[in-house]
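# Breakdown of the fold
Listed below are the residues making up each chain.
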Amino acid sequence: MQLTINDDRTIEDINNDFMAVFPYLKIQFFKHCHKENIGSPKKEMIPNTTKLKAINHTNGVMVISEEQTVEEVEQFFKLHFNLNVQVFRKSGNNWLETTLTDSWTLKKQNQEGMELSNLRR
């Protein structure tokens, strides 16, 4: 999958593209990057309606594969687009930060989210 990062897009646009491929995962944008194995504070979260032109970033296209780890995706956003993101996984009706499982692939995270969500129905 490809994600286009440019001034005209909102965080919600990027997340919708991402969730079209990984429906049990979502990306949240934050003002600052999180520390290893520690979640980002909610007060640092940037609203989904925010246009990227309001955030200091670099434009470009990101190719994401299901075999990439969460850590690789988060680092790519930071290194190539200057964007601080955190991947969340669905668990029933809740969204959990993946900080302790950042070494898992997106495929594994998405599968786990599907299984946890189906268990809680």
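Note: the structure precedes this text.
First, a word on scope: everything that follows refers to the structure included in this document. Residue positions are counted from 1 within each chain, in the order its sequence is given. Selection of residues for local features in this predicted model requires a pLDDT of at least 70, selection of side-chain atom pairs for listing and counting requires 80 or more, and totals for whole chains, interfaces and linings are taken over all residues. Think of the side-chain values as coming from all heavy atoms in the structure, minus any hydrogens and water.

As a further point, take the environment of Ser 103. Along the chain, Ser 103 falls in the loop between strand S5 (94-97) and helix H3 (106-119). Distance in space between the C-alpha atoms of Ser 103 and Gln 86 is 13 Å, their sequence separation being 17 residues. Helix and strand labels come from DSSP, where a helix needs a run of H or I of at least four residues and a strand needs a run of E of at least two; each type is numbered from the N terminus.

Okay, the packing of aromatic side chains next. Between 30 and 60 degrees the pair is tilted, below 30 it is stacked and above 60 it is edge-to-face, where a pair is any two Phe, Tyr or Trp rings, Trp via its six-membered ring, whose centres lie within 6.5 Å. Here the structure, examined in full by the defined rule, presents four aromatic pairs. Here Phe 29 and Phe 77 contribute two aromatic rings whose centre-to-centre distance is 6.0 Å and whose plane-to-plane angle is 85 degrees, an arrangement assigned as edge-to-face. Here Phe 29, found in strand S2 (residues 25-30), pairs with Phe 77, found in helix H2 (residues 70-81); they are 48 residues apart in sequence, far enough to count as distant. For the pair Phe 29 and Phe 77, one class covers both residues: buried. The rings of Phe 29, Phe 76, Phe 77 and Phe 81 are connected pair by pair, giving a single aromatic cluster. Criterion for a charge above a ring: Arg CZ or Lys NZ at most 6 Å from the ring centre, at most 35 degrees from the ring normal. Looking at Lys 26, its charged tip hangs above the ring of Phe 88, at a distance of 5.9 Å from the centre. Whether a residue is buried, partly exposed or exposed follows from its accessible area with a 1.4 Å probe, protein chains only, as a fraction of its type maximum: under 20%, in between, or over 50%, in that order.

Another aspect to go through is the sheet that holds S5. Strands qualify as paired when DSSP identifies two bridges or more between them. Spatially, three strands are ordered S2-S4-S5 in an open sheet, and the strand pairing comes out antiparallel. Lying at the two open borders of the sheet, with one neighbouring strand each, are S2 and S5. Averaged over all pairs of adjacent strands, the angle between their axes in this sheet comes to 40 degrees, without regard to strand direction. Where strand S4 (residues 84-91) and S5 come together, four bridges link them in antiparallel fashion. Bridge pairing links Lys 90 to Trp 95 in S5. To get an axis, a line is fitted to the C-alpha atoms, and for a helix only the part in contact is used. The angle between two axes follows their N-to-C directions and goes from 0 to 180 degrees.

We define a salt bridge as a side-chain nitrogen of Lys or Arg found within 4 Å of a carboxyl oxygen belonging to Asp or Glu. Counting across every chain of the model gives one salt bridge. The salt bridge partner of Arg 9 is Asp 17, with a shortest N-O separation of 2.6 Å.

Just distances and angles here, no functional claims.
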